[in-house]
Amino acid sequence: MQDPSPYLALHGKSSTLIISVEVGASPTICYWGPRIDTGSTPENAAKTVRQLRHRHGAQGGPSIEVPVSLSCEPGTGYLGPNGLEACRDSAIWAHVLKVKTVEQQKNTYSIVCTDSENSLKVTYKFEIDLTTDIICIQTIFQNTGKGALQINWASVLCIVLQSELSEIISFSGRWAREFQTTRSPLQQGGFFIENRRGRTSHDRFPGMVLCHKNTTENGGACFGVHLGWSGNHHMRVETLSDGRNIMQAGALFAPGEMSLNSGETYETPKLYTAYTPNGLSALSNSYHDYYREYLTDQHTGKNPRPIHYNSWEAIYFDHTPEKIKKLADIAADLGVERFVLDDGWFKGRRNDKAGLGDWTVDTSIYPDGLHPIINHINDKGMGFGLWVEPEMVNEDSDFYRDHPDWILGAPLEPQIEFRNQYVIDLSRPEAWQNIFNQLDALLTEYPKIEYLKWDMNRDINHPYSHTGHAVLHKQTHSVYKLIDSIRAKHPHIEIESCASGGGRADFGILERTDRIWTSDSNDALDRQWIQRGASYFFPLEVMGSHVGPADCKITHRHLPMSLRAATALFGHMGAEADLTSMTERDKNILKTAFSLHKNYRSLLHAGDIIRMPACSGENNFGVIAKDRKTALFSHTRIDSLKTTMPGLFQFHGLDPSLQYRLKLIWPIEFETPSPLSAETTDLASTGYEVQGDLLIKVGLQLPPLAPQTCVIFSLTALTDL
Ligand code: GLA
């Protein structure tokens, strides 16, 4: 449908995006901010916005300011970094993209542009979700000219943001310490995140939030962007000398990697964007609800997420069927609902030097295959899941012995050693088919496998095929296709995305998987921050969150069970410690936590998250049901108190008009002498009736807790009692 209007107005619940789409001119964003009423004639309103925001010629600059088009192509004369860098026959491609048509299908708007020579067609697709305000943007570049077009860089979009959004929240970290959150002022020049690890990465999460300096968790303007892509990426915000902030995001290519022959297209990853005037937690809830509506697999979404037990930190590579059965017996008794057999079950895999690439059961360990243990686990009432790492190969494997050239590398350079494994070149159809066939055969032989933990344990340092061509983009799509094809053939399978913990966590992988292994670190104190950071974009139900051993295998910190269990409770809960050596007391606490999680998971996995302002030494947040009638709030004292008494706990997000029963439901017993006074003891038994308004405004005086203590409050609206 041809839209004669020179403006597009996309309205969400609390935001409006207006794009100027005059045919024959550059498409530009005129407004992206709080929802405005454009009435029945959006063009008039849009024209007014334009007039109000008319920018005068700046001193020392061109007399008319160069427009910031959707791709900031070089031909426009834009002097910041271009959103499209391409060339044909080595000549810089400097044309200007001009609007040809605008099409609308339900809530998807496509702006089709061509350049002056008709040698490039670019389609910008904006799909708005009217309840969450998430606008999912994807751009398709088509070479409509003669000869090859080399694309060096193609941002999904160039987004002009108000200069008032002057602070940036970004997420960095490392292996076992992902999603560390940093908030800093934007500086003139640029802020950029560039990932070259070949997977989403632990340290350069492809998402960020721009916000006003006064924005808090509970209010204020913020704009989120997240690139749904599991390969290399580049994101930047350029603060220009004229005060404007321009945001770009897209897949990162190696030189020569993206070359389009005549007629070919390049489709960018999806960019998930959202503006809200309601603060950072509201922004997160938009992403969470979007995930729930559009990215949750139908099959997974229907059922409560089962409590997991994972064998890794209990036995590592030291498998025997007897051990597995013993662990399964205890796990079932504790209330576990799915048992996941981790690394170490397949041919030759006695350590991390052999076996990857050969996806058959090691009969020297499991002489009768996996059937006896799967049956045992199923008989105990638990589902069965299995660990695989399909993209990788060890030198000591039949796969590598048969096909030593089917791996990625730099043809003239030695492989970079990384956990004794190489990356299979899945862009080679025969290598892809081999791995597909092996996984397919495994799942066909064991139809009771209901879950795969799909791991990816190394960076791709040399993303080149045997021909020397960079193929990371193709590799990423081949991995997607592998997962999609496995799911199409075995639709009951759920998949967890793991990459040495949270190294491949993004909406691109979550479109085809069901949860992320948030971090290899089960250290509950570190997890408090890791999970808090991850919650900016990911809902609790996708965050794999396990109770590890008392002595964390990674940080060696000794932490009490009540803290470990309370931390894991706010996620997709599970355990992965040696249950055979766990004390009876700890098992009892864990069992209670599992049962609490089961009681509250419909709230935890569908409610709104409310993070309290970040402050050092403690972490506070809550999860509130959409109808505001039930909630859980968590307060963790991480370090010892700076003052003799802690502060007040304000239960933001509750309905001020409702009367609640407030209860302290965790811990079941304090590790240190109880800090509870008589009044707070009541809280732990009968509870206390109080109006939401008071809980929000007056707050509750917290008890002076010892470090490494987590308390959980439950709230139930009295109308429901
Ligand atoms: C990765 C994962 C772990 C475990 C091991 C097995 O490190 O993140 O959870 O599965 O691999 O080798």
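Within every chain, residues take consecutive numbers counted from 1 along the sequence as written. In keeping with the model being predicted, local features are shown solely for residues with a pLDDT of at least 70 and side-chain atom pairs are shown and tallied solely at 80 or more, while totals for entire chains, interfaces and linings include all residues. Side-chain metrics rest on all non-hydrogen atoms present in the structure, leaving aside hydrogens and water.

Points about the pattern of salt bridges
The test is simple: When a carboxyl oxygen of Asp or Glu is within 4 Å of a side-chain nitrogen of Lys or Arg, the pair counts as a salt bridge. Comment: elements are numbered from the N terminus, with helices defined as DSSP H or I runs of at least four residues and strands as E runs of at least two. Exposed residues in this analysis have more than 50% of their type's maximum accessible area, buried residues have under 20%, and partly exposed residues fall in between, with area computed by a 1.4 Å probe over protein chains only.
As enumerated under the stated definition, the model contains 47 salt bridges in all. Salt-bridge contacts for R515 lead to E496; the nearest nitrogen and oxygen are separated by 3.2 Å. Here R515 is found in strand β29 (residues 515–517), whereas its partner E496 is found in strand β28 (residues 494–497), with 19 residues between them in sequence. Among the residues examined, E496 registers a relative accessible area of 1% and is labelled buried. Each of D289, R292, E541, D608, K626 and R628 takes part in one network of salt bridges that share partners.

Things to note about the side chain of S545
Defined as follows: Under this definition, polar contacts are N or O atom pairs within 3.5 Å; protein pairs additionally need one hydrogen-donor-capable and one acceptor-capable atom, and for neighbouring residues in sequence, both atoms have to be side-chain atoms. Here, residues are in contact when the closest pair of their heavy atoms is within 4.5 Å.
In this structure, S545 sits in strand β30 (residues 543–547). By relative accessible area, which is 1% here, S545 ends up buried. There is a polar contact of 2.9 Å between the side chain of S545 and the side chain of Q531. When residues no more than four places from it in sequence are discounted, the contact partners of S545 are R515, W517, R527, Q531, T567, A568, G571, H572, M573 and G574.

A short note on the pairing of strand β21 (residues 270–276)
Under the convention used in this document: Here, strands pair whenever DSSP counts at least two bridges between them.
With respect to burial, β21 is a largely interior element, six of its seven residues being buried. One ladder, built from three bridges, connects strand β9 (residues 135–143) with β21; its direction is antiparallel. Counterpart to I137 in the pairing with β21 is L271. Note that strand β16 (residues 222–228) and β21 share seven bridges and pair antiparallel. Considered in β21, the bridge of V225 is made with T273.

A closer look at the sheet that holds strand β1 (residues 7–11)
Formally: Note on definitions: angles span 0 to 180 degrees between N-to-C directions of axes, and those axes are lines fitted to C-alpha atoms, for helices only across the stretch in contact.
Spatially, the three strands line up as an open sheet ordered β1-β2-β3, and their pairing is antiparallel. Looking at the sheet topology across the chains shown, the edges are occupied by β1 and β3 (28–34). Pairs of neighbouring strands in the sheet enclose a mean axial angle of 10°, with direction left out of account. Looking at chain direction, strand β2 (residues 15–20) and β3 are connected through six bridges and run antiparallel.

Some remarks on the packing of aromatic side chains
Quick note on the threshold: Aromatic contacts are taken between Phe, Tyr and Trp rings whose centres are within 6.5 Å, Trp giving its six-membered ring; a plane angle under 30 degrees counts as stacked, one over 60 as edge-to-face, and the others as tilted. Both a distance and an angle decide whether a charge sits over a ring: NZ of Lys or CZ of Arg must be within 6 Å of the ring centre and within 35 degrees of the ring normal.
Inspection of the entire model under this criterion finds 35 aromatic pairs. Judged by centre distance (6.1 Å) and plane angle (40°), the ring pair of W345 and W359 falls under tilted. One end of the pair, W345, is in the loop between β23 (338–341) and α6 (371–379); the other, W359, is in the loop between β23 and α6, and 14 residues separate them in sequence. Judged by relative accessible area, which is 0%, W345 ranks as buried. Overall, the relative accessible area of 2% leaves W359 in the buried class. A connected cluster of aromatic rings, assembled from ring pairs, spans F171, F179, F205, Y272, Y287, Y290, Y291, Y294, F507, Y536, F537 and F538. Sitting over the face of the ring of W432, K481 holds its NZ or CZ atom 4.4 Å from the ring centroid. In this structure, R611 packs its charged tip against the face of Y536, placed 3.7 Å from the ring centre.

Concerning the site of the ligand
What counts here: One heavy atom within 4 Å of a molecule or strand is enough for the residue carrying it to be called near that molecule or strand.
Taken together, 13 residues surround the ligand, and among them D342, D343, R419, K453 and D520 come closest. Here an oxygen atom of the ligand and a side-chain polar atom of N457 are 3.1 Å apart.

Considering the nonpolar core
Burial of nonpolar side chains together is a common tendency in soluble globular proteins. The criterion, for reference: Only buried residues count toward a nonpolar core, which is a set of Ala, Val, Leu, Ile, Met, Phe, Trp, Tyr and Cys residues joined through side-chain atoms within 4.5 Å.
Counting 187 residues, the largest nonpolar core has I111, F126, I151, L341, W345, L370 and F538 as the members making the most contacts within it. Among the elements that line this core, the one with the most residues is helix α13 (residues 584–604), at eight residues. Not counting the four nearest positions on each side in its chain, F538 is found in contact with F179, F205, H288, A505, D506, F507, L510, I516 and M543. Within the second largest apolar cluster, 24 residues are counted, among which are I624, I696, V711 and L715.

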